[in-house]
Amino acid sequence: SELAVTIARQLGFALERLRAEAERKKVVEELRESEERFRMMSENAPVMIWMSDANGGCLHLNRLQRDFWNVDEAEISTFDWRTSMHPEDMPEIINRVLEAMTNKTPLSVQGRYRNALGFYRILQTEARPRLSPEGELLGMIGVNVDITEQKNAEHLRREMNDADRYRILVEAITDYAVYLLDLNGNVARWNSGAQKFKGYNSPEIIGKNFSVFYTPEDQAADIPKSALEAAAKDGKFVTEGWRVRKDGTRFWNHVVLDVIRDSSSNLLGYAKITRDLTERTQA
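I will try to describe carefully the structure that is included in this document. (Residues numbered from 1 in each chain as written. Predicted model: local features only at pLDDT ≥ 70, side-chain atom pairs only at ≥ 80, totals over all residues. Heavy atoms only, no water.)

Structural notes on the overall build of the chain
Part 1 of the argument: Tallying secondary structure elements over the chain gives ten helices and ten strands in all.
Part 2 of the argument: Buried residues in the chain amount to 37% of all 283 residues.
Part 3 of the argument: Nonlocal contacts in the chain, meaning residues at least 24 apart in sequence, comprise 41% of its contacts between residues at least 6 apart.
Part 4 of the argument: On the chain, roughly 16500 Å² of surface is accessible, and the fraction owed to carbon and sulfur atoms is 53%. (Helix = DSSP H or I, 4+ residues; strand = E, 2+ residues; numbered from the N terminus. Buried < 20%, exposed > 50% of the residue type's maximum accessible area, 1.4 Å probe, protein only. Contact = heavy atoms within 4.5 Å. Areas by Shrake-Rupley, 256 points an atom, 1.4 Å probe, with all protein chains shown as cover.)

Details of the packing of aromatic side chains
What characterises a pair of aromatic rings is the spacing of the ring centres plus the angle enclosed by the ring planes.
Part 1 of the argument: Applying the stated criterion across every chain, the model contains nine aromatic pairs.
Part 2 of the argument: Here F210 and Y214 contribute two aromatic rings whose centre-to-centre distance is 5.5 Å and whose plane-to-plane angle is 90°, an arrangement assigned as edge-to-face. Each of the two residues, F210 as well as Y214, counts as buried.
Part 3 of the argument: Geometrically, the ring pair formed by W242 and W252 is edge-to-face, given 5.1 Å between the ring centres and 85° between the ring planes. (Phe/Tyr/Trp six-rings, centres within 6.5 Å; stacked < 30°, edge-to-face > 60°.)

Some words on the sheet that holds strand 7 (residues 187–190)
Part 1 of the argument: Strand order in the open sheet made by the five strands is 7-6-10-9-8, with antiparallel pairing throughout. Lying at the two open borders of the sheet, with one neighbouring strand each, are strand 7 and strand 8 (236–244). Neighbour to neighbour, the strand axes of the sheet diverge by 25° on average, direction disregarded. (Pairing = 2+ DSSP bridges. Axes fitted to C-alpha atoms, helices over the stretch in contact; angles between N-to-C directions.)

Digging into the pairing of strand 7
Part 1 of the argument: Of the strand pairs in this sheet, strand 6 (residues 177–181) and strand 7 are connected by three bridges, and their pairing is antiparallel. Across the sheet, L181 pairs through a bridge with V187, a residue of strand 7.

Re the side chain of N253
Part 1 of the argument: Structurally, N253 is set in strand 9 (residues 250–261).
Part 2 of the argument: The class for N253 is buried, based on a relative accessible area of 0%.

Thoughts on the side chain of D89
Part 1 of the argument: Examined against the element boundaries, D89 turns out to sit in the loop between helix 2 (63–69) and helix 3 (90–103).
Part 2 of the argument: Non-local contacts of D89, meaning those with residues more than four positions away in its chain, are made with G111 and R112.

What to know about helix 3
Part 1 of the argument: Spanning 14 residues, helix 3 covers 20 Å between terminal C-alpha atoms, matching the ideal 20 Å at 1.5 Å per step.
Part 2 of the argument: Every buried residue belonging to helix 3 is among I93, V97, A100 and M101, and all of these are buried. For helix 3, the arc enclosing every buried residue in end-on projection is 95°, short of the 170-degree limit, so these residues lie on one face.
Part 3 of the argument: Looking at the buried side of helix 3, the elements it contacts are strand 3 (107–114) and strand 5 (137–146).
Part 4 of the argument: Count one or two residues on from helix 3 and you reach K104, which has phi positive near 55°. (Expected span 1.5 Å × (residues − 1). Arc of directions from axis to C-beta.)

Observations concerning helix 9 (residues 223–234)
Part 1 of the argument: Here helix 9 contains twelve residues, and its C-alpha end-to-end distance of 16 Å stays within 8% of the 16 Å for a straight helix at 1.5 Å per residue.
Part 2 of the argument: Taken together, the buried positions of helix 9 are P224, A227, L228, A230 and A231. The arc that holds the buried residues of helix 9, viewed along the axis, is 160°, so those residues lie on one side.
Part 3 of the argument: The inward-facing, buried residues of helix 9 contact strand 6, helix 8 (216–220), strand 8, strand 9 and strand 10 (267–276).
Part 4 of the argument: Two residues or fewer after helix 9 comes G235, characterised by a positive phi angle close to 90°.

So, the pattern of salt bridges
Part 1 of the argument: All told, the structure shown has 13 salt bridges when counted by the stated rule.
Part 2 of the argument: For the salt bridge of D80 with R82, the shortest nitrogen-to-oxygen distance reads 2.9 Å.
Part 3 of the argument: Given a relative accessible area of 30%, D80 falls into the partly exposed group.
Part 4 of the argument: Notably, a salt bridge pairs R96 with E92, separated by 3.3 Å at the nearest N-O pair. Taken together, the residues span about one helical turn, with R96 and E92 both in helix 3 at a distance of four residues.
Part 5 of the argument: For R96, a relative accessible area of 29% corresponds to the partly exposed category. (Salt bridge = Lys/Arg side-chain N within 4 Å of Asp/Glu carboxyl O.)

Points about unusual backbone geometry
Part 1 of the argument: Of note, N70 is a non-glycine position whose phi angle comes to about 55°, a positive value.
Part 2 of the argument: For N70, the location among the structural elements is in the loop between helix 2 and helix 3.
Part 3 of the argument: Given a relative accessible area of 60%, N70 falls into the exposed group.
Part 4 of the argument: The phi dihedral of D222 falls on the positive side, at around 60°, and the residue is not glycine.
Part 5 of the argument: Tracing the sequence through the fold places D222 in the loop between helix 8 and helix 9.

Structure (structure tokens):
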């Protein structure tokens, strides 16, 4: 009887160890699966995602963020993101980041960063602190959103009251399609960037409705009208989608649709600034 009890006790201890080991393996496996899900989600996200350590060093940069800075995945731990900041914006950004990390508070800041092509782009950064169960700061995790086109549209809107400055400004922007629409969505002005992207010269397109750039499916769903209504309601409308060139080919278009109002806030029309992102989207 005593032998049986001893055997049962030892067997119980062995089973408990096996159960604990199984639980540990299960937790490890679940953690591994969770990390893999995060990695896949981050890699395929349509925004730039990053993670830092408690000293501000890079721990993780997703595909879009690596492409923006042209950083190889193996170089993440040695990459210093601060070297890409515009010198004029650096003091403000650094101070805001240090304040957020010191106080363990969320961060929201804008600034100019040099991309892989050597051009400065305006990024909106939204970040949150990562804390241990004991409340110790582990670092920050956040997203960067390129808002350059939006800021350009806002700048363009401020310049609208001076026709000569507007004309000079818009014609100087050749990397973006910039044009004006009347209240009905008919094209009123058209810059050289718009001709390059969409294939129409000014005499061909002036007076035509901007819905001609939309796919037949979007036209059938009345998407152009919905875009104008959204901009009129909110003051701005930002979207992306497939559009159609004069020759019928399709391209992926990033659009900022802004409203034009007079001094009495009466709606006069719309200003559109668009960018061809086909190569990035296909990649």
